[in-house]
Amino acid sequence: LTSDEEGDAKHGTIEVLKYLEEKNFMPDFAIVAEPTCEKVFGDAIKIGRRGSINGELKIYGTQGHAAYPEKSINPVHKFAPILPKLAGYFFDKGDENFAPSQLVSTDIRGGMEVSNVTPSELKIMFNVRNSTNTTKEDIKNYIESLCEGLDYELSLKQGSFPFLTDRNSSIVKVLKDAIEKELHVKTKFSTAGGTSDARMLAPCGVKVVEFGVINDTIHAPNEKCSLDEVEGLVKVFKNVIKKI
């Protein structure tokens, strides 16, 4: 069951985990049925996920007339030479489990949508899907070093933290064997993609993995999967339950 997915996650899995903790009934293992497969049903298990850090950077200036640029402070001009050092920046090189942590610019805006007034503020929004090799503090320190001397405001929010389940743990081995036996597919381990409810289970000490249907229509119009995949999931999960 997955209830919160990529949202703010206030009333779903978090509340269930609180209840289980109160009852001293926290599970040892968990499988999140997130769409994980890429080309063939059974070809990928998620053994971890990158974290997600959302950022907003505001550069302040002084609004003025475009004909008198010397009388204003244009935040666009101030930040333009710095932008190439921010957009697409890699905070680490990645490793055997995770892709590099890269800053992805998602929105840039400033001004009044007129051609004769310079803006008083430039706002840049971005996201970093961070591995265990990069922290929010690393991102903060880097951006602050770029903005030294500017009038700015930086906001960073960690929506989820990266996690990794040991590929030699029981849940990973049993799930892998079940996929190969029931689906006759050799599966691989992955940490790619967005976030899921697994991000809430891992910090509680639950060894969590993800396995589900092919994700070729994920977040697309008419998102769907085949009945054969659903029936295949039942077989795999029954196999896991018997062995775990």
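Structural data are supplied above this passage.
Since this is a predicted model, take the numbers as computed values, not measurements.

A.B. asks: Explain the pattern of salt bridges to me, using residue names and the numbers behind them.
C.D. replies: For the coordinates displayed, the defined rule picks out seven salt bridges. E38 is paired through a salt bridge with K188; the nearest N and O atoms lie 2.9 Å apart. Remark: K188 occurs in strand β11 (residues 188-190) and E38 occurs in the loop between β1 (29-32) and β2 (44-46); sequence separation between them is 150 residues. With a relative accessible area of 40%, K188 lands in the partly exposed category. One salt bridge connects R49 with E210, and the closest N-O pair in it is separated by 2.6 Å. In this pair, R49 is assigned in strand β3 (residues 48-49) and E210 in strand β12 (residues 207-210), connecting sequence segments 161 residues apart.

A.B. asks: Tell me about the packing of helix α5 (residues 170-183) against helix α7 (residues 227-243), and name the residues and values.
C.D. replies: Look at α5 against α7: their axes get within 9 Å of each other, and the N-to-C directions meet at 135°. Taken together, the axes of α5 and α7 are oblique relative to one another. Both α5 and α7 take part in a crossing whose hand is right-handed. On α7, the residues that touch I171, V174, L175, A178, I179, K181, E182 and L183 of α5 are G232, K235, V236, N239, V240 and K243. For the contact of α5 with α7, a count of residues per class yields eight nonpolar, two polar and four charged.

What counts, and where the lines are drawn
- Think of each chain on its own: its residues are numbered from 1, step by step along the sequence as written.
- Owing to the predicted nature of the model, reporting of local features is limited to residues with pLDDT of at least 70; listing and counting of side-chain atom pairs is limited to 80 or more, with chain, interface and lining totals taken over all residues.
- To get the side-chain values, all heavy atoms of the structure are used, and hydrogens and water are removed first.
- Basic side-chain nitrogens of Lys or Arg form a salt bridge, by our definition, when they fall within 4 Å of a carboxyl oxygen of Asp or Glu.
- Runs of H or I in DSSP of at least four residues are treated as helices and runs of E of at least two as strands, each being numbered from the N terminus.
- The buried label goes to any residue with under 20% of its type's maximum accessible area, the exposed label to any with over 50%, and the partly exposed label to all in between, with areas taken from a 1.4 Å probe on protein chains only.
- For every element, the axis is a line fit to its C-alpha atoms; helices are fit only across the contacting stretch, and the angle between N-to-C directions ranges from 0 to 180 degrees.
- Small angles under 35 degrees read as roughly parallel and large ones over 145 as roughly antiparallel, with 65 to 115 read as roughly perpendicular and the rest as oblique.
- Two helices crossing with the near one rotated counterclockwise from the far one by less than a right angle form a left-handed crossing, whereas a clockwise rotation gives a right-handed crossing.
- In what follows, a contact means two residues having at least one pair of non-hydrogen atoms within 4.5 Å.
- By the convention adopted, Pro, Cys, Tyr, Trp, Phe, Met, Ile, Leu, Val and Ala count as nonpolar, Lys, Arg, Asp and Glu as charged, and the other residues, Gly among them, as polar.

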